[in-house]
Amino acid sequence: MDGANHSVVSEFVFLGLSNSWEIQLVLFVFSSMFYVASMMGNSLIVLTVTSDPHLHSPMYFLLANLSFIDLGVSSVTSPKMIYDVFRKRKVISFGGCIVQIFFIHVIGGVEMVLLIAMAFDRYVAICKPLHYLTIMSPRMCISFLVSAWVVGLIHSVVQLAFVVNLPFCGPNVLDSFYCDLPRFIKLACTDTYWLEFMVTANSGFISAGFFFILIISYIVIMVSVQKHSSAGLSKALSTLSAHITVVVLFFGPWIFFCTWPSPSIHLDKFLGIFDAVLTPFLNPIIYTFRNQEMKVAMRRVCNQLISYRKIS
Ligand SMILES: *[C@@H]1O[C@H](CO)[C@@H](O)[C@H](O)[C@H]1NC(C)=O
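Here we summarise the structure given alongside this text.

Criteria and thresholds
Residues numbered from 1 in each chain as written. Predicted model: local features only at pLDDT ≥ 70, side-chain atom pairs only at ≥ 80, totals over all residues. Heavy atoms only, no water. Helix = DSSP H or I, 4+ residues; strand = E, 2+ residues; numbered from the N terminus. Rg over C-alpha atoms; globule rule 2.2 N^0.38 Å. Buried < 20%, exposed > 50% of the residue type's maximum accessible area, 1.4 Å probe, protein only. Contact = heavy atoms within 4.5 Å. Areas by Shrake-Rupley, 256 points an atom, 1.4 Å probe, with all protein chains shown as cover. Lys, Arg positive; Asp, Glu negative; His and termini not counted. Charge placed at Lys NZ, Arg CZ, Asp CG, Glu CD. Near = heavy atom within 4 Å. Polar contact = N/O pair within 3.5 Å; in protein donor to acceptor, adjacent residues only side chain to side chain. Nonpolar A, V, L, I, M, F, W, Y, C, P; charged D, E, K, R; others polar. Pairing = 2+ DSSP bridges. Axes fitted to C-alpha atoms, helices over the stretch in contact; angles between N-to-C directions. Parallel < 35°, antiparallel > 145°, perpendicular 65-115°, else oblique. Left-handed = near helix turned anticlockwise from the far one by under 90°. Salt bridge = Lys/Arg side-chain N within 4 Å of Asp/Glu carboxyl O.

Description of the overall build of the chain
Each helix and strand counted, the chain has ten helices and three strands in total. Going residue by residue from the N terminus, the α and β elements of the chain occur as β-α-α-β-α-α-α-β-α-α-α-α-α. At 22 Å, the chain has a C-alpha radius of gyration in line with the 20 Å of a compact globule built from 312 residues. Judged by the C-alpha coordinates and their principal axes, the chain covers about 75 × 50 × 35 Å. Within the chain, the fraction of its 312 residues that count as buried is 45%. Sequence separation of 24 or more characterises 78% of the internal contacts of the chain that already satisfy a separation of 6 or more. Per element, the accessible surface of the chain, about 16600 Å² overall, is 72% carbon and sulfur. In the chain, 19 side chains carry a positive charge and 15 a negative one; their mean positions are 13 Å apart.

See below:
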């Protein structure tokens, strides 16, 4: 690096997903629809669970917290992406980029621990039903929540500590629609090989670790249910299917990407859209789809909201 024309990068430019007008239009329409739908669906779940005393149980509290986090998932990257779709120059400030990276990693960490808490909750409910309320006490729920946020924050701060002092002197073009940490690091004007390795390993080990814990806990649940009765297994499977679907949706794109033989750039950008837009939209649907209790409570809240609007 010679210091002569050494300009400091103050903003980054996104290439976005596509230059084709048709694809941009499709992206714009679908992302906006899914964004609005997931904000509404997840808000409705949080509102329903907090306002309905019938739903004041650990399972629903965890579900409401997951929906709360999903409100964050949909808001970190997609509003900016939707706003940028038709723009020729999609820019984000250096600070904006750091903020995106920070929240993406906090939220990812919190969501993983919440998924584990939900698996543990189902394990206790199915395998130790008599002790459910003593094991999943309010104190236990709060501990899960606190550890979820602590894990998310520590993970994110560690990731940022690696990169916050990197020198950027151009180029400043990110081939993505958000500040993706590995791509961001590649733009630094220094040797980033080890840094990329550390950051990828940090995220990779954590997600792989959590994924295995989740898979193993669901296998343990099913094996112990089957020992008791095979009729119980099908009943447990129908309760667990929603949880397992969400876990697969959360980790599926990553695993697909990591095991895909020739990583094509476009593929991982489109998987990014899947994570940012589709997953937070699907979670509320999956959890409420076969849950009669939840549907009834939601209908009640909707009716209350409507009659409240009529009065005021
Ligand atoms: C998260 O869970 C806690 C306790 O388990 C509960 O008090 C709180 O209302 C939940 N948060 C949301 C947003 O539902």
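Brief notes about the site of the ligand
In the region of the ligand, the neighbouring residues are V46, T50, F61, A64, N65, F68, C141 and L145. One of the side-chain nitrogen or oxygen atoms of N65 is found 2.3 Å away from an oxygen atom of the ligand. Within the complex, the protein chains bury 74% of what would otherwise be the 360 Å² of accessible surface of the ligand. Sorting the residues of the shell around the ligand by element identifies α1 (21–51), α2 (58–84) and α5 (138–163) as the ones contributing at least two each. Among the residues making up the shell around the ligand, the classes are represented as six nonpolar, two polar and no charged.

Describing the sheet that holds strand β1 (residues 11–14)
Spatially, three strands are ordered β2-β1-β3 in an open sheet, and the strand pairing comes out mixed. At either end of the open sheet lies a strand with only one pairing partner, and these are β2 (90–93) and β3 (173–174). Here two bridges tie β1 to β3, and the two strands are oriented parallel to one another. Counterpart to F14 in the pairing with β3 is L174. In the packing of helix α3 (residues 94–127) onto the sheet, contacts are made with β1, β2 and β3, and the angle to β2 comes to roughly 80°.

Some points on the packing of α3 against helix α7 (residues 193–228)
Between α3 and α7, the shortest axis-to-axis distance is 10 Å and the interhelical angle comes to 10°. Accordingly, the angle class assigned to the pair α3 and α7 is roughly parallel. Considering only the axes of α3 and α7, their crossing is left-handed. For the pair formed by α3 and α7, the contact residues are H105, M112, V113, L115, I116, A119, R122, Y123, I126 and C127 on the first element and S203, I206, S207, F210, I213, L214, S217, Y218, V220, I221, S224 and V225 on the second.

Here we look at the pattern of salt bridges
Under the defined criterion, the tally for this structure stands at six salt bridges. One salt bridge connects K80 with D84, and the closest N-O pair in it is separated by 3.1 Å. With K80 and D84 both in helix α2 and four residues apart, this pair spans about one turn of that helix. In this structure, D180 engages R183 in a salt bridge whose closest nitrogen and oxygen atoms are separated by 2.7 Å.

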